[in-house]
Amino acid sequence: MKKTHKSIQNWYKAHGRQELPWRTTNDPYHIYLSEVMLQQTQVKTVLERYYFPFLKKFPTLKALGKAPLDEVLKMWEGLGYYNRARNLHKTAGMVDKLPSDIDELLKLPGIGKNTAHAVATFAFNKPVPVMEANVKRILCRLHQLKTPTDKELWKTAYRLVDKEDPFNYNQAMMDIGATLCTPKNPLCELCPLCDICQGKDESTLYPTKKKRIIPTREQNITIYIYNDKLSLAQREGRFLHGLWGFASSEVPLCASEYIGEVTHAYTHFKLICKIYVSYETEPMQESYFSLDEIKKLAISKVDEKILKLYSSRVSNI
Ligand code: SF4
């Protein structure tokens, strides 16, 4: 194993993305934030648009915990999966400092096994593995695992982790998965794990890809307009909770005018929204906003698309 660890460490020194800002710090909050942002989002997007502005606005976990949720959601706008932001905010309201213990980390809102391990190893140098999608793929190929359980994968990961330098080892594994052990056409001849990899000759067989059928949901959205202002309400359900959005209804109002359709792909379903506008002679909704005022609200991607459709129709009138 020593030889493999050495190869991994050497590869990381030569090819790893060591300059990423969350890799040049051991501040637990910065590392935690990067882990949460990177859960569903590419490094490039997080780096170019979200990580630094978020830290500028909320420089410490304490500052984040004291901020209103609306401000946190506004800084998260466009990143999607808003539960991540709400959980970050909740965690920040519960602790001033993140614990180093994995079991304690797991008690905090939204922190799952991988995030707990990532914070423990990257912020506190604990000799534990991480298990994001790229690492899972490597482990499956190394051991020819087609449909392993989580338990099997963690057991394998614990056996392989470099306890002397877990920080660089874990970062290297993620980079190897992202750049060499890719889903299609892996570059095995350049891989530091090539000597011990049992699956390299038929790598794309591992793990077995699950076929996913994405359902479609349809929604009618009505934009109520009073005095040139648009009605939006703050959502209360679990989905998109806290964000501002346009009203949905089972059936569109008879007097409303259809202006077009907006589609949006979420991870688990595709949403098709049929958009209607309804002009009111007196205010029937709770809140109305001008287009400039809406810019200051945290709204979801799909509401942004609806707004864009509405603005294009208005400018054509
Ligand atoms: S040798 Fe090939 S299949 Fe095996 S871990 Fe490396 S890149 Fe992946």
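Focus: the overall build of the protein chain
Scanning the protein chain from terminus to terminus reveals 13 helices and 8 strands. Judged by the C-alpha coordinates and their principal axes, the protein chain covers about 75 × 45 × 30 Å. Here the protein chain, with 317 residues, has 48% of them falling under the buried criterion. Sequence-distant contacts, at least 24 apart, represent 66% of the contacts inside the protein chain between residues at least 6 apart.

Remarks on the domain arrangement of the protein chain
Annotation of the protein chain at the domain level lists domain 1 (2–205) and domain 2 (216–316). Each of domain 1 and domain 2 was reduced to a C-alpha centroid, and the two centroids are 36 Å apart. Between domain 1 and domain 2, the residue contacts involve 9 residues of the former and 16 residues of the latter. For the pair domain 1 and domain 2, the summed buried surface comes to about 960 Å²; carbon and sulfur atoms form 44% of the total. Ranking the residues of domain 1 by area buried against domain 2 places K74, Y82 and R86 at the top, with a combined share of 41%. Where domain 1 touches domain 2, the interface holds 5 residue pairs in polar contact (both at pLDDT 80 or more). For the side of domain 1 that touches domain 2, the secondary structure elements donating two or more residues are α5 (69–76) and α6 (83–94). Tallying contributions element by element places α5 first for the side of domain 1 that touches domain 2, with 3 residues. A class-by-class count of the residues in the side of domain 1 that touches domain 2 yields 3 nonpolar, 2 polar and 4 charged.

Side note on the packing of helix α1 (residues 2–15) against helix α11 (residues 166–179)
Any two packed helices are characterised by how steeply their axes cross, that is the angle between the axes, and by the distance between the axes. Two numbers describe how α1 lies on α11: the axes approach to 9 Å, and their chain directions differ by 75 degrees. Comparing their axes, α11 and α1 come out roughly perpendicular. When α1 is examined against α11, the residues H5, I8, Q9, W11 and Y12 are found in contact with a partner set consisting of N168, Y169, Q171, A172, M173, D175, I176 and T179. Here the residues of the contact of α1 with α11 are counted per class, giving 7 nonpolar, 5 polar and 1 charged.

Points about the packing of aromatic side chains
Summed over the entire model, instances satisfying the criterion amount to 10 aromatic pairs. Between F54 and W76 the ring centres are 5.8 Å apart and the planes differ by 80 degrees, which places this aromatic pair in the edge-to-face class. Linking F54 in helix α3 (residues 43–57) with W76 in helix α5, this pair joins segments that are 22 residues apart in sequence. Residue classification places W76 among the buried residues on the basis of a relative accessible area of 0%. An aromatic cluster of at least three residues, connected via ring pairs, comprises W22, Y51 and F52.

What counts and what doesn't
Residues numbered from 1 in each chain as written. Predicted model: local features only at pLDDT ≥ 70, side-chain atom pairs only at ≥ 80, totals over all residues. Heavy atoms only, no water. Helix = DSSP H or I, 4+ residues; strand = E, 2+ residues; numbered from the N terminus. Buried < 20%, exposed > 50% of the residue type's maximum accessible area, 1.4 Å probe, protein only. Contact = heavy atoms within 4.5 Å. Domains from an automatic or database assignment. Buried area = accessible area lost by both parts, 1.4 Å probe. Polar contact = N/O pair within 3.5 Å; in protein donor to acceptor, adjacent residues only side chain to side chain. Nonpolar A, V, L, I, M, F, W, Y, C, P; charged D, E, K, R; others polar. Axes fitted to C-alpha atoms, helices over the stretch in contact; angles between N-to-C directions. Parallel < 35°, antiparallel > 145°, perpendicular 65-115°, else oblique. Phe/Tyr/Trp six-rings, centres within 6.5 Å; stacked < 30°, edge-to-face > 60°.

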